[in-house]
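Report on the structure
Chain residues, written in single-letter form:
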Amino acid sequence: MTVDVKTTEKALRLRALGEGVLVLPNAWDAGSAAVIEAAGASAIATTSGGVAWGIGRGDGQHAEREEMLAAAARIVAAVDLPVTVDVEGGYGDVAATVRGVVAMGGVGINLEDSKAAGGPLHTVEEQCERIRAARAAAAGAGLPELVVNARTDVFLFGIGEESGRLGEVLARIEAYAAAGADGIFVPGLLDLEALGEIARGPLPVNAMAGPGAPSIAELTKAGVRRVSVGTAVAQAAYAAAHNATRELLGEGTYGSLGGPLDYGTLNGLFVK
C-alpha cells in the first residue's frame, strides 16, 4: 500500500519539527484547526476530549474508532499542517486504528497505556506489543514515517505508590523505546526535576501544560521537547460560549461577545 507524497512530506516535517521544541495547540474540529493554523502553528495535535465533546461523547475512550477518525479526517482536510491524532487507547484493534489514521492523512498518533480513564494500565509487555503493532501497521499502510508518541498514564492517574512512579515511568520508557516509540508523553507530570530526569532517557519528552504550569521556556530548559495542552483550548472555547449565554440570559447584555475573531477572517478560512 502507498500513501500520497503530501502525507509522507507532512510526516517527515513532523519528525523534523520534533528535533527542536515542538509546541502543539490541540484542535477538536475543522474550525479550531483552521484558526490554530492561521495563528501560526507549525503542526496540530487533536485532543480526544475535545473531539469527543464535539460529537456528543465523553472523554476517556467513550467514542468509537470510526467517529474519532471521521472527526480527525475533517481536521486534516481543513489545514496544510502535519496533524498528529490522539487515538486514546487505540480503540481495541490498534493496527486497524493506525491504518485508518494513515488513510485519512494523519501523520502521527498518541497511544496511551491505560485501559480506561483512571486505569488500570496495560502491562509493559502488552503496551510494547501494541506499539509494535502500530509500527507494523504504519509500515504496511505505506507510512513507516508515522510518529508514534507513546503516552504513559502513571502520573495522570496516580498509579502505584507515589515514591515508585518515576521509576515505573523510566522503566516503561526504556521498553517503549525498544518497541519502536518515537516519543514519550507523560501527562500529569510537571515537576521540572522529574521531567529533566526523564529527558535524559532514550525518548523525547512531551509534557501537557496549561494554566499554572511552568512556561514553555521553563519546560524547554528542563529538556522537554514537545508541549501540548490537551483539552485546555477546547475548555476555554466552551467557557466563552457558557459565559456569553449566561450574560445574554441574565443581564441581557453582550460584553462577553466582545473581541471576537472577525467574521470575514473566519469565513475566509473556509471560502477559498
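Quick note: structure is the one above.
Described below are features of the structure shown in this document. (Residues numbered from 1 in each chain as written. Predicted model: local features only at pLDDT ≥ 70, side-chain atom pairs only at ≥ 80, totals over all residues. Heavy atoms only, no water.)

**Details of the packing of aromatic side chains**
How two aromatic rings sit relative to each other is set out by the distance from centre to centre and by the angle between their planes. The line we're drawing: Here a pair means two rings of Phe, Tyr or Trp (six-membered ring of Trp) with centres within 6.5 Å. Their orientation is stacked below 30 degrees between planes, edge-to-face above 60, and tilted elsewhere. Helix numbering and strand numbering both begin at the N terminus, where a helix is a DSSP run of H or I of at least 4 residues and a strand a DSSP run of E of at least 2. Here's how the labels work: a residue is buried when its accessible area is under 20% of the maximum for its type, exposed when over 50%, partly exposed in between, all with a 1.4 Å probe on protein chains only.
A complete count under the given rule lists 2 aromatic pairs for this structure. Here the aromatic rings of Trp53 and Tyr238 are separated by 6.3 Å at their centres, their planes lie at 70°, and the arrangement is edge-to-face. Residue Trp53 is found in helix α3 (residues 48-54), and its partner Tyr238 is found in helix α10 (residues 232-249); the two are separated by 185 residues along the sequence. Classification of Tyr238 as partly exposed rests on a relative accessible area of 37%. Among the aromatic residues, those joined into a cluster by ring pairs are Trp28, Trp53 and Tyr238.

**Section: the packing of helix α5 (residues 94-103) against helix α6 (residues 124-140)**
Our working definition: With axes taken as lines fitted to C-alpha atoms, and helix axes fitted only over the stretch in contact, angles between N-to-C directions fall between 0 and 180 degrees. Left-handed describes a crossing in which the near helix is turned anticlockwise from the far one by less than a right angle; the clockwise case is right-handed. Only heavy atoms enter the contact rule, under which two residues are in contact if any of them lie within 4.5 Å. When residues are sorted by character, Ala, Val, Leu, Ile, Met, Phe, Trp, Tyr, Cys and Pro go into the nonpolar class, Asp, Glu, Lys and Arg into the charged class, and all the rest, Gly among them, into the polar class.
Two numbers describe how α5 lies on α6: the axes approach to 8 Å, and their chain directions differ by 40°. With respect to the hand of their crossing, α5 and α6 are arranged in right-handed fashion. Every residue of α6 that contacts α5 at Val94, Ala95, Val98 and Arg99 is listed here: Arg130, Ala133, Ala134, Ala137 and Ala138. The class makeup of the residues in the contact of α5 with α6 is 7 nonpolar, no polar and 2 charged.

**What to know about the side chain of Asn149**
Which entries qualify depends on this criterion: In protein, a polar contact requires one atom able to donate a hydrogen and another able to accept it; more generally it is a pair of N or O atoms within 3.5 Å, and residues adjacent in sequence count only if both atoms are side-chain atoms.
Structurally, Asn149 can be placed in strand β6 (residues 147-151). A distance of 3.0 Å separates a polar atom in the side chain of Asn149 from a polar atom in the side chain of Asn110. Excluding residues that lie within four positions of it along the chain, Asn149 makes contacts with Ile109, Asn110, Leu111, Gly183, Ile184, Phe185, Asn206 and Arg226.

**Brief notes about the environment of Leu156**
Note on placement: Leu156 falls in the loop between β6 and α7 (165-179). Residue Leu156 is classed as partly exposed on the basis of its relative accessible area, which comes to 32%. Considered as a pair, Leu156 and Val5 are 151 residues apart in the sequence and their alpha carbons are 37 Å apart. Excluding anything up to four places from it in sequence, Leu156 contacts Arg151, Pro187 and Gly188.

**Details of the environment of Val233**
Tracing the backbone through its elements, the reader meets Val233 in helix α10. Under the relative-accessibility criterion, Val233 is labelled partly exposed at 32%. A C-alpha to C-alpha distance of 8.6 Å links Val233 and Gly50, two positions 183 residues apart in sequence. Apart from residues no more than four positions distant in its own chain, Val233 is found in contact with Asn26 and Trp28.

**Overview of the nonpolar core**
What counts, and what does not: Remark: nonpolar core denotes a set of buried residues (Ala, Val, Leu, Ile, Met, Phe, Trp, Tyr, Cys) joined through side-chain atoms within 4.5 Å.
One finds Val98, Ile109, Leu146 and Ile184 to be the most contacted residues of the largest nonpolar core, which totals 69 residues. The dominant element in this core, judged by the number of residues it contributes, is helix α4 (residues 65-78), at 6 residues. In this view, Leu146 contacts Arg15, Val98, Val101, Val102, Gly106, Val107, Gly108, Ile109, Arg135, Ala138 and Asp182; residues no more than four positions away in its chain are not counted.

**Description of the environment of Ala72**
With respect to the helices, strands and loops of the structure, Ala72 is situated in helix α4. Taking the relative accessible area as the measure of exposure, Ala72 reaches 3% and is therefore buried. Ala72 sits 50 residues away from Leu22 along the chain, and the two C-alpha atoms are 20 Å apart. Residues contacting Ala72, with those up to four places away along its chain left out, are Val85 and Met104.

**Section: the pairing of strand β5 (residues 108-112)**
Using the following cut-off: Here the rule is simple: two strands pair whenever DSSP picks up at least two bridges between them. Crossover handedness is defined by viewing with both strands directed away from the observer: a clockwise path from the first strand over the helix to the second marks the crossover as right-handed.
Across the 5 residues that make up β5, a large majority, 5, are buried. Residue alternation in β5 divides its side chains into two sets, Gly108, Asn110 and Glu112 and Ile109 and Leu111, and both sets are buried. Pairing of strand β4 (residues 83-86) with β5 involves 3 bridges; the strand directions are parallel. Paired with Thr84 across the bridge in β5 is Gly108. For the crossover from β4 across α5 to β5, the handedness is right-handed. Here 5 bridges tie β5 to β6, and the two strands are oriented parallel to one another. Following the sheet pairing, Ile109 is matched in β6 by Val148. A crossover connection joins β5 to the parallel β6 through α6; in handedness this β-α-β unit is right-handed.

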